[in-house]
Amino acid sequence: DTAVSQTPKYLVTQMGNDKSIKCEQNLGHDTMYWYKQDSKKFLKIMFSYNNKELIINETVPNRFSPKSPDKAHLNLHINSLELGDSAVYFCASSPYVSSWGRTDTQYFGPGTRLTVL
Amino acid sequence: GIQVEQSPPDLILQEGANSTLRCNFSDSVNNLQWFHQNPWGQLINLFYIPSGTKQNGRLSATTVATERYSLLYISSSQTTDSGVYFCAVPTGNQFYFGTGTSLTVIP
C-alpha cells in the first residue's frame, strides 16, 4: 500500500564505491524527483523525470545519474562515492507538472540515509 | 537564484498554543508549497498555495505573491505537530527550499 517506496532505507559504504538507490511509486504519477537533504536539514532538488524525460538537472556532479526504466520507477546511481555524498536522499512523485513553476502536490518516500566512510 | 528565508528558525510551544511561521522569497513565483518533516524524517506536503488562503484542519496557509511572502498558521498545537516546516518555491528550472522552522511542541 506504500505510495512512494525507496530501498534501501540505510546504506553504508566505502569511499570510491558505486551504489544505487531504488524508488518506486504506485500512484500513477507522471513526474518523479530526487532530493538530497544534508546534515543541516537543507533540502535540494537533484533531478526530476516526467514521462521518462529529464526536465530538471540541478548542478549535481555527473557521478550522480538518474535512471527511469518506466514511469513508476526512478533509480539513482552514484559512482565513485565521496565523503560529501553522505546525506539523506528522498524520492518524490507528483501527478502533474505542466511547465516549471506549476507543479502539483508532491508525495515523498521515506528517505535513504547514505553514509560514506 | 531566488532566496527563500524562513522565520523563526526555531520555535518551542506549549501544547494548545497557536503559532505563525513565515516564508519570504526574493522574486516572483507562481507556486509555493509548505512541507512538514516529522521527527522520523518523513516529508509530508501540507499545502500547494501559489496565492490566497487555504485551510486544512488546524493548519492554514496564506500566500501574498505580490508582497513575496507566505504564512503558515498552526492553531491549537499538538505534540504531533513537532518537526521541521519547509516552504519551497519552483522558479525557472530550479526548485528552492527554505532553511526550515524547527517546531517543538511540549505537553
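The paragraphs below set out a description of the structure included in this document. (Residues numbered from 1 in each chain as written. Chains lettered and ligands numbered in written order. Predicted model: local features only at pLDDT ≥ 70, side-chain atom pairs only at ≥ 80, totals over all residues. Heavy atoms only, no water.)

1. Remarks on the overall build of chain B
Counting secondary structure elements, chain B contains 0 helices and 11 strands. Moving toward the C terminus, one meets the helices and strands of chain B in the order β-β-β-β-β-β-β-β-β-β-β. Over its C-alpha trace chain B gives a radius of gyration of 13 Å, about what one expects of a compact globule, namely 13 Å for 107 residues. For chain B, the C-alpha atoms occupy an extent of roughly 40 × 25 × 20 Å along the three principal directions. (Helix = DSSP H or I, 4+ residues; strand = E, 2+ residues; numbered from the N terminus. Rg over C-alpha atoms; globule rule 2.2 N^0.38 Å.)

2. Points about the overall build of chain A
Looking only at helices and strands, chain A features 0 helices and 11 strands. Counting from the amino terminus, helix and strand elements in chain A follow one another as β-β-β-β-β-β-β-β-β-β-β. Taken across its 117 residues, chain A has 46% of its residues classed as buried. A fraction of 55% describes how many contacts in chain A between residues 6 or more apart in sequence connect residues 24 or more apart. When the accessible surface of chain A is summed, it comes to about 5700 Å², and 49% of that surface belongs to carbon and sulfur atoms. (Buried < 20%, exposed > 50% of the residue type's maximum accessible area, 1.4 Å probe, protein only. Contact = heavy atoms within 4.5 Å. Areas by Shrake-Rupley, 256 points an atom, 1.4 Å probe, with all protein chains shown as cover.)

3. Comments concerning the state of the cysteines
Disulfides are covalent bonds that connect the sulfur atoms of two cysteines. Enumeration over the complete set of coordinates arrives at 2 disulfides over all chains. With its sulfur 1.8 Å from that of its partner, A:Cys23 forms a disulfide with A:Cys91. Taking the sign of the S-S torsion, -75° for the link of A:Cys23 and A:Cys91, the bridge is left-handed. Placement of A:Cys23 in strand 3 (residues 19–25) and of A:Cys91 in strand 9 (residues 87–94) is noted, with a sequence separation of 68 residues between them. You'll find A:Cys23 and A:Cys91 in the same group, each marked buried. The disulfide partner of B:Cys23 is B:Cys87, and the S-S distance across this bridge is 2.0 Å. Its S-S torsion of approximately 80° makes the covalent link between B:Cys23 and B:Cys87 right-handed. Taken as a pair, B:Cys23 in strand 3 (residues 19–25) and B:Cys87 in strand 9 (residues 83–91) lie far apart in primary sequence, 64 residues in all. (Disulfide = S-S within 2.5 Å.)

4. Notes on the sheet that holds strand 8 (residues 69–74) of chain B
Strands in a sheet are paired, the pairing made by backbone hydrogen bonds, and the direction either parallel or antiparallel. All names here are of chain B. Strand order in the open sheet made by the 5 strands is 1-3-8-7-6, with antiparallel pairing throughout. Only two strands of the sheet have a single neighbouring strand rather than two, namely strand 1 (4–7) and strand 6 (52–56). Across the sheet, the axes of successive neighbouring strands diverge by a mean angle of 15°, strand direction being ignored. Alignment of strand 3 against strand 8, held across 6 bridges, turns out to be antiparallel. Each residue of the ladder has a partner; that of Ser-19, found in strand 8, is Ile-74. (Pairing = 2+ DSSP bridges. Axes fitted to C-alpha atoms, helices over the stretch in contact; angles between N-to-C directions.)

5. Things to note about the environment of B:Gln37
With respect to the helices and strands, B:Gln37 occurs in strand 4 (residues 33–37). C-alpha of B:Gln37 to C-alpha of B:Thr80: the two residues are 43 residues apart in sequence and 11 Å apart in space. At a separation of 2.8 Å, a polar atom in the side chain of B:Gln37 contacts the side chain of A:Gln37. (Polar contact = N/O pair within 3.5 Å; in protein donor to acceptor, adjacent residues only side chain to side chain.)

6. Examining the pairing of strand 3 of chain A
Bridge analysis of strand 1 (residues 4–7) of chain A against strand 3 of chain A gives 4 bridges, and the strand direction is antiparallel. Paired with A:Thr7 across the strands is A:Lys22, a residue of strand 3 of chain A.

7. Looking at the nonpolar core
Of all hydrophobic cores here, the largest spans 22 residues; its most connected members are B:Leu32, B:Trp34, B:Phe47 and B:Leu72. Within the residue set of this core, elements represented by two or more residues are strand 2 (10–14), strand 3, strand 5 (43–48), strand 7 (59–64), strand 8, strand 9 and strand 11 (101–106) of chain B. Ignoring anything within four residues of it in the chain, the contact list for B:Phe47 reads B:Leu32, B:Gln33, B:Trp34, B:Lys54, B:Gln55, B:Asn56, B:Leu59, B:Ser60, B:Ala61 and B:Leu72. Grouped together as the second largest cluster of nonpolar side chains are 20 residues, A:Ile21, A:Phe47, A:Phe64 and A:Ile78 included. (Core = buried A, V, L, I, M, F, W, Y, C linked by side-chain atoms within 4.5 Å.)

8. So, the pattern of salt bridges
Residue and element names in this part refer to chain A. Using the criterion set out here, one finds 4 salt bridges over all chains in the structure. Across the pair Glu-82 and Arg-63 runs a salt bridge, and its minimum N-O distance is 3.5 Å. Of this pair, Glu-82 sits in the loop between strand 8 (73–78) and strand 9 while Arg-63 sits in the loop between strand 6 (53–57) and strand 7 (64–70), and the two are 19 residues apart along the sequence. Between Arg-63 and Asp-85 there is a salt bridge, with its nearest N and O atoms 2.8 Å apart. Taken together, the positions of Arg-63 in the loop between strand 6 and strand 7 and Asp-85 in the loop between strand 8 and strand 9 put the pair 22 residues apart, joining distant regions of the chain. (Salt bridge = Lys/Arg side-chain N within 4 Å of Asp/Glu carboxyl O.)

Limitation: the analysis is restricted to geometry and does not speak to function.
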